[in-house]
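Per-entry structural report
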Amino acid sequence: YGTAPAERRRAKLYNPRAGWSHASDISDWAGLGSVNQYYVNVRPDLISYAYLLKPRTDAEGAGKGKAIIYHNGMASTFVAARDWLEPLLEEGWTVLAFDQLGYGENSREIDCDKQADGKPAPEGAGCIANLHNDLALVDNPVALHVEPVLAGIDLLREQGFEQIDGLGFSAGAATMTFAAAVDTRLRRTVAAAGILPPYLREGQDELFGIAKELADNGPVSFLDLFILAGAGEGRAYLQLFNRYDRCCY
């Protein structure tokens, strides 16, 4: 994983001078009381944004300390999960929503740390690594995706939430699984259509992104991660797969 908790970047409130890419998209969501945008500067050339959606004060269950982190997958932003997130807001949940790196305002590429042969990249070499397809060219690639989520947990704890749940979709399911495996502050985690064990994959279901990095270089198997994601008193981990899903299991 590569980083110590003391090195974690804080989630900072973002006061945009220009219009937000998602603010107008969600202004009419049922149950939404307020929204603030935060960012996590994972490293100098990598920024991940998050949206803190708070429910209306008159929503059923509002003020009862219910918080959930939602992490979207590839090919869209969290706005596409409106049908999932609106009911949570209406039930009084606070939602901290992340897009996959490369989507929304998030960074898409960063400077390479190493070359294809594993040797350090020469300074000024001009090598740029895509945050999905070129993770073998950067150090601690899983941490780059997971650290924003852990900073998000820090943020919610600072705001008084003691019990925090997680929901990840598609590639976001892998990210949330890894986050729950390394941070027991996530109480219940749901991974939807995202992280199938390698031995169950066939055809076009080839590993890529952070899932491939962990399978190729990680110290534990996916099955170990699933156990870690739900281990501990009061914790649970649930996977959801759609039988005829044309994409993601």
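Residues numbered from 1 in each chain as written. Predicted model: local features only at pLDDT ≥ 70, side-chain atom pairs only at ≥ 80, totals over all residues. Heavy atoms only, no water.

Moving on, we come to the overall build of the protein. The helix and strand inventory of the protein stands at six helices and 10 strands. For 249 residues, the compact-globule estimate of 2.2 N^0.38 gives 18 Å, and the C-alpha radius of gyration of the protein, at 18 Å, lies within 12% of that figure. Overall, the protein is about 60 × 45 × 35 Å in size when its C-alpha atoms are taken along their principal axes. For the protein, the proportion of contacts with a sequence separation of at least 24, taken over those separated by at least 6, is 69%. Carbon and sulfur atoms form 49% of the exposed surface of the protein, whose accessible area is close to 12500 Å². For the protein, the separation between the mean place of its 23 positive charges and that of its 33 negative charges on side chains is 4 Å. (Helix = DSSP H or I, 4+ residues; strand = E, 2+ residues; numbered from the N terminus. Rg over C-alpha atoms; globule rule 2.2 N^0.38 Å. Contact = heavy atoms within 4.5 Å. Areas by Shrake-Rupley, 256 points an atom, 1.4 Å probe, with all protein chains shown as cover. Lys, Arg positive; Asp, Glu negative; His and termini not counted. Charge placed at Lys NZ, Arg CZ, Asp CG, Glu CD.)

So, about helix 2 (residues 82-90). Among the residues of helix 2, those classed as buried are Leu-85, Glu-86, Leu-88 and Leu-89. Buried residues along helix 2 cover an arc of 160° about the axis, so they all sit on one side. Contacts made by the buried residues of helix 2 are with strand 2 (32-43), strand 3 (46-55), strand 4 (67-71) and strand 5 (94-98). (Buried < 20%, exposed > 50% of the residue type's maximum accessible area, 1.4 Å probe, protein only. Arc of directions from axis to C-beta.)

It is at 7 Å that the axes of helix 4 (residues 171-182) and helix 6 (residues 222-230) come closest, and there the two elements cross at 60°. Judged by the inter-axis angle, helix 4 sits oblique to helix 6. Here helix 4 and helix 6 pass one another in a crossing that is left-handed. Taken together, the residues of helix 6 that come into contact with helix 4 (itself represented by Thr-177, Phe-178, Ala-180 and Ala-181) are Leu-225, Phe-226, Leu-228 and Ala-229. (Axes fitted to C-alpha atoms, helices over the stretch in contact; angles between N-to-C directions. Parallel < 35°, antiparallel > 145°, perpendicular 65-115°, else oblique. Left-handed = near helix turned anticlockwise from the far one by under 90°.)

What follows is about the state of the cysteines. A full pass over the atoms with the stated rule returns one disulfide. Paired through a disulfide, Cys-112 and Cys-127 show a sulfur-sulfur distance of 1.9 Å. Every disulfide takes its handedness from the sign of the S-S torsion; for Cys-112 and Cys-127 that torsion is -60°, giving left-handed. Taken as a pair, Cys-112 in the loop between strand 6 (109-111) and strand 7 (128-130) and Cys-127 in the loop between strand 6 and strand 7 lie far apart in primary sequence, 15 residues in all. (Disulfide = S-S within 2.5 Å.)

Another aspect to go through is the nonpolar core. By size, the foremost hydrophobic cluster in this structure holds 48 residues, and its most contacted members are Ile-69, Leu-96, Leu-156, Phe-178 and Ile-195. The element contributing the most residues to this core is helix 3 (residues 141-158), with nine residues. What Leu-156 contacts, discounting residues up to four positions off in sequence, is Leu-52, Ala-67, Ile-69, Thr-94, Leu-96, Phe-161 and Ile-164. If you look at the next biggest cluster of nonpolar residues, it comprises 16 residues, including Trp-29, Tyr-70, Leu-85 and Ala-97. (Core = buried A, V, L, I, M, F, W, Y, C linked by side-chain atoms within 4.5 Å.)

A few words on the environment of Gly-194. By the element assignment, Gly-194 lies in the loop between strand 9 (186-192) and helix 5 (209-217). Given the relative accessible area of 13%, Gly-194 is considered buried.

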